[in-house]
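Tertiary structure, described
These are the residues of each chain, in order.
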Amino acid sequence: MRYALLLLALLCGPATAASQGDDQAEVNAVDAAWNRYTRLAAKDDGASAGLIAESTAQHYAFLRDVALYASTEQVRRLPLADRLTVYGLRAKYEAPALAGWDGHATYRHCVQDKLCHVVMRHADGNFPSLSHVAMIDADSALGEVQPPTGERYVFGPEFVREGGGWKTRPERQTEELSKFMTAVAAQSGGETALLQHLLGDFLGDGQAPSNLSALELAPRDDAAQRNRLNERWPDYQAHVDTQIAAIKRKADAGEALAQYLYGRLLYTGLESRRIAADRDAALAVLERASDSGHAESALAVANILLSTNDRLSLSPQTLRRALPHLRRSAESGNPQAMMGYADFIRAGAAGLTSDCSQAIEWLRKAEDAGMAQARNDRVWILATCPIAGQRDAKQSLALSQHMIARREQLRAAELDTVAAALAANGDFAQAIAFQTDALARLKDGELDPKSRERMQGRLALYRQGRDYTETEPLYAKEP
C-alpha cells in the first residue's frame, strides 16, 4: 500500500534572505547546513546525527526513555509521529540496548535503520530545499520551503547555531508531521492501520504487528521514571514561538504580509503562547501594512476601528482614521468594504459629501462581487434617500421584486426595506402588510429599542398614507 501524500514539493535554487535586513552570508550558511543534512538523511545515513541540534538529541533521549518506561497512557499521549518512533524502538530493540544509547545514538539508529523517515518514503516525498531563510537572531533561524502564498508563510525546518556551526532541529516539526499523518489515516483505515503498515515497512516483510497493544507495554516498570517523563514532557507547540518570532522580525522589517499576520495576532492574542491581546499595538502594525497597499490589512484596520453595535458612538476622529483604509479595501475589490464605504458616502461620514448615487453604485459593485445583502441596501437607499434628485422609487421597487418573491424567507430588516419601497411607490396597503410582518418577525434582542421604535414609526407613517425619508444620522457629524 502506497500513500499519495501532499508533501512539500522539492524546490530548486538557493535560499534567499527572507527580509532585507538578513545577512546573506548567514542565510547561505544555514542553507548549506540544511543541504548537508538532507543529503545524508535522504540516504538514511546515520552520520546525519552529527548535524542535529542538542535539543534534538535531548528529544530523542526522551523518546528512548518513553520506549523503556512509558505507560500505555503516556504512549497514547504522544503525537502520532513520535508514537510511531516509540513503537518502532520497542518492536526492534531490546531494553538493554536502548538503555545504553544517548540521544545522538538513538537518533542515529532511528535514521540508519530507516525508522525516522518511513513516512516520507511512503509519501514518495523528498526533503524540500529552502526558498528563503528568516534570521530570527544571531543564533537562530527558520527555513521557508516555498515563497509566501499571499496569505501565509510556508515555514519548514528550524536551525540553531551551536559549536560554531548551524544545526537543524527536526523535532520541532513533529506536531505538523503528526497532523499530516492523522489526515492520511482518516482516508486510509484509521491511525492503527496506518501505524501497523508503517511499522511493517520498517520491520520487514512478515513482521508487521497484528495489533499495537503489546507495543504499549513498557519493557521496564519504573514509577519514578514514568513520573520523570511527565516532568520532561516536550512542548510540542514550541515551533509556534519560532514562527511568531520570524513573522515579527519580518513585520519589523516592513514586510506587509508579516505585518498583517502579526497585527491580527496582536489583536486576538494567543493565550497558549502567553501573548496578550493589544488593540493599539495591533492597529499600529496593521496600519503600516495598509499604508503600504496591503488590502487585507486595510480591511482589518477598518473592521477594528468600526467594530461597534452603535455606529453613532464612533467619534469623527475614528471615522476619519478608518476612511482611507476602508476606501483602500473597497477599491481593491473587497465586497464587505464596498458596503462599508457605501455607508460612509451615503451618510457623508468622515468629511465626505453625502451622495446616494455614489453609494448605490458601490453597493451594486458589492452585490456583483457576491455580497447578496447589498441588494437590500440598494433598495433602501433608492426608496428613502433624502437628497433631491437621487431618490428613485421605481428603481427601488423593481429591485425589490426579487425580495418580494422570497417573502417567507426574508428577515425583519429586509421586510422593513420592502415596505419602504412599496410606500415610496404609493402602495401603502402592501407597505403596511410588509411592515407589520417585519415587526412580528423581530426576535427578542434583535434590535435596540430606538431602532424598533423607528420601525414602528414607519408603520404609523404608512397608515397615514405617507412614505418614509431617512433623516436619522448613521454616524456622528463632524464638529
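Here we summarise the structure given alongside this text. Predicted model, so just to flag it, every value in this text is computed and none were measured.

**Some words on the overall build of the protein chain**
Per the secondary structure count, the protein chain includes 22 helices and 5 strands. A compact globule built from 479 residues would reach a C-alpha radius of gyration of about 23 Å, whereas the protein chain, at 31 Å, exceeds it by more than 25%. Across the 479 residues in the protein chain, those meeting the buried criterion constitute 51%. Contacts spanning at least 24 positions in sequence make up 62% of the contacts within the protein chain whose residues lie at least 6 apart. When the accessible surface of the protein chain is summed, it comes to about 22400 Å², and 48% of that surface belongs to carbon and sulfur atoms. The average position of the 55 basic charges and that of the 62 acidic charges among the side chains of the protein chain differ by 2 Å.

**A closer look at the packing of helix α19 (residues 393–404) against helix α20 (residues 412–424)**
Two elements in contact, α19 and α20, have axes whose closest approach is 9 Å; the angle formed by their N-to-C orientations is 140 degrees. Comparing the axis directions of α19 and α20 gives the class oblique. In the packing of α19 onto α20, the handedness of the crossing is left-handed. Between α19 and α20, the contacting residues are Ala393, Ser396, Leu397, Ser400, Met403 and Ile404 on the first element and Glu414, Thr417, Val418, Ala421, Leu422 and Ala424 on the second.

**Concerning the side chain of Gln74**
Looking at the element boundaries, Gln74 is found in helix α3 (residues 72–77). Given a relative accessible area of 6%, Gln74 falls into the buried group. For Gln74, the side chain forms a polar contact with the main-chain nitrogen of Ser71, separated by 2.9 Å. Not counting the four nearest positions on each side in its chain, Gln74 is found in contact with Tyr69, Arg226, Leu229, Asn230 and Trp233.

**With respect to the environment of Ala91**
In this fold, Ala91 is placed in helix α4 (residues 80–92). When the C-alpha atoms of Ala91 and Met339 are compared, they prove to be 62 Å apart, with 248 residues separating the residues in sequence. Excluding its chain neighbours within four sequence positions, the residues that come into contact with Ala91 are Leu203 and Leu215.

**Comments concerning the nonpolar core**
Formed by 84 residues in total, the largest nonpolar core has its most connected members in Tyr262, Leu319, Phe344, Ile381, Tyr462 and Tyr475. Tallying contributions element by element places α20 first for this core, with 9 residues. Look past the residues within four positions of Tyr475 in its chain and what remains in contact with it is Arg311, Leu312, Leu314, Leu319, Asp343, Phe344, Ala347 and Ala349. Core analysis: the next-biggest nonpolar cluster, separate from the first, contains 61 residues, Ala70, Leu84, Trp166 and Leu198 among them.

**Comments concerning the packing of aromatic side chains**
Applying the stated rule across the entire model yields 11 aromatic pairs. Aromatic side chains Trp34 and Phe127 sit 6.3 Å apart centroid to centroid with 80 degrees between the ring planes, which places their arrangement in the edge-to-face category. On the criterion of sequence distance, the pair formed by Trp34 in helix α1 (residues 24–42) and Phe127 in the loop between α7 (118–122) and β2 (132–137) is long-range, its members being 93 residues apart. With 5.6 Å between their ring centres and 25 degrees between their planes, Tyr153 and Phe155 make a pair best called stacked. An aromatic cluster of at least three residues, connected via ring pairs, comprises Trp34, Tyr37, Phe127 and Phe159.

**Regarding the pattern of salt bridges**
Here the idea is simple: oppositely charged side chains can pair when their charged atoms come close. Applying the stated criterion across every chain, the model contains 30 salt bridges. We note a salt bridge from Arg76 to Glu216, for which the minimum N-O separation is 2.8 Å. Taken together, the residues Arg76 in helix α3 and Glu216 in the loop between α9 (191–203) and α10 (223–232) connect sequence positions 140 residues apart. Here Glu216 falls in the buried class, since its relative accessible area comes to 9%. Of the charged contacts in the structure, one is a salt bridge between Glu144 and Lys250, with a shortest N-O distance of 2.6 Å. Linking Glu144 in strand β3 (residues 140–146) with Lys250 in helix α11 (residues 238–252), this pair joins segments that are 106 residues apart in sequence. Three or more residues joined by partner-sharing salt bridges are found here, namely Glu158, Arg169, Glu171 and Arg172.

**Remarks on the state of the cysteines**
Going through the model one piece at a time under the given rule, you end up with 2 disulfides. Sulfur-sulfur distance for the disulfide between Cys110 and Cys116 comes to 2.0 Å. Since a negative S-S torsion denotes a left-handed disulfide, the Cys110-Cys116 link at about 120 degrees is right-handed. Cys116 carries the same exposure label as Cys110, and that label is buried. Between the sulfur atoms of Cys356 and its disulfide mate Cys385 the distance is 2.0 Å. On the sign convention where negative means left-handed, the S-S torsion of about 95 degrees between Cys356 and Cys385 marks this disulfide as right-handed. Taken together, the positions of Cys356 in helix α17 (residues 356–368) and Cys385 in the loop between α18 (374–384) and α19 put the pair 29 residues apart, joining distant regions of the chain. We note that Cys356, like Cys385, is buried.

**Examining the pairing of β3**
Along any regular strand the residues' side chains alternate between the sheet's two faces. When you tally the buried positions in β3, you get 6 out of 7 residues, the bulk of the element. Where β2 and β3 come together, 5 bridges link them in antiparallel fashion. The residue bridging Asp137 from the neighbouring strand is Ser140, located in β3. What sits between the antiparallel neighbours β2 and β3 is a turn of 2 residues. For β3 and strand β4 (residues 154–162), the ladder comprises 5 bridges, and the chain directions are antiparallel. When the sheet's bridge partners are listed, Glu144 is paired in β4 with Phe155.

Parameters at a glance
Residues numbered from 1 in each chain as written. Predicted model: local features only at pLDDT ≥ 70, side-chain atom pairs only at ≥ 80, totals over all residues. Heavy atoms only, no water. Helix = DSSP H or I, 4+ residues; strand = E, 2+ residues; numbered from the N terminus. Rg over C-alpha atoms; globule rule 2.2 N^0.38 Å. Buried < 20%, exposed > 50% of the residue type's maximum accessible area, 1.4 Å probe, protein only. Contact = heavy atoms within 4.5 Å. Areas by Shrake-Rupley, 256 points an atom, 1.4 Å probe, with all protein chains shown as cover. Lys, Arg positive; Asp, Glu negative; His and termini not counted. Charge placed at Lys NZ, Arg CZ, Asp CG, Glu CD. Axes fitted to C-alpha atoms, helices over the stretch in contact; angles between N-to-C directions. Parallel < 35°, antiparallel > 145°, perpendicular 65-115°, else oblique. Left-handed = near helix turned anticlockwise from the far one by under 90°. Polar contact = N/O pair within 3.5 Å; in protein donor to acceptor, adjacent residues only side chain to side chain. Core = buried A, V, L, I, M, F, W, Y, C linked by side-chain atoms within 4.5 Å. Phe/Tyr/Trp six-rings, centres within 6.5 Å; stacked < 30°, edge-to-face > 60°. Salt bridge = Lys/Arg side-chain N within 4 Å of Asp/Glu carboxyl O. Disulfide = S-S within 2.5 Å. Pairing = 2+ DSSP bridges.

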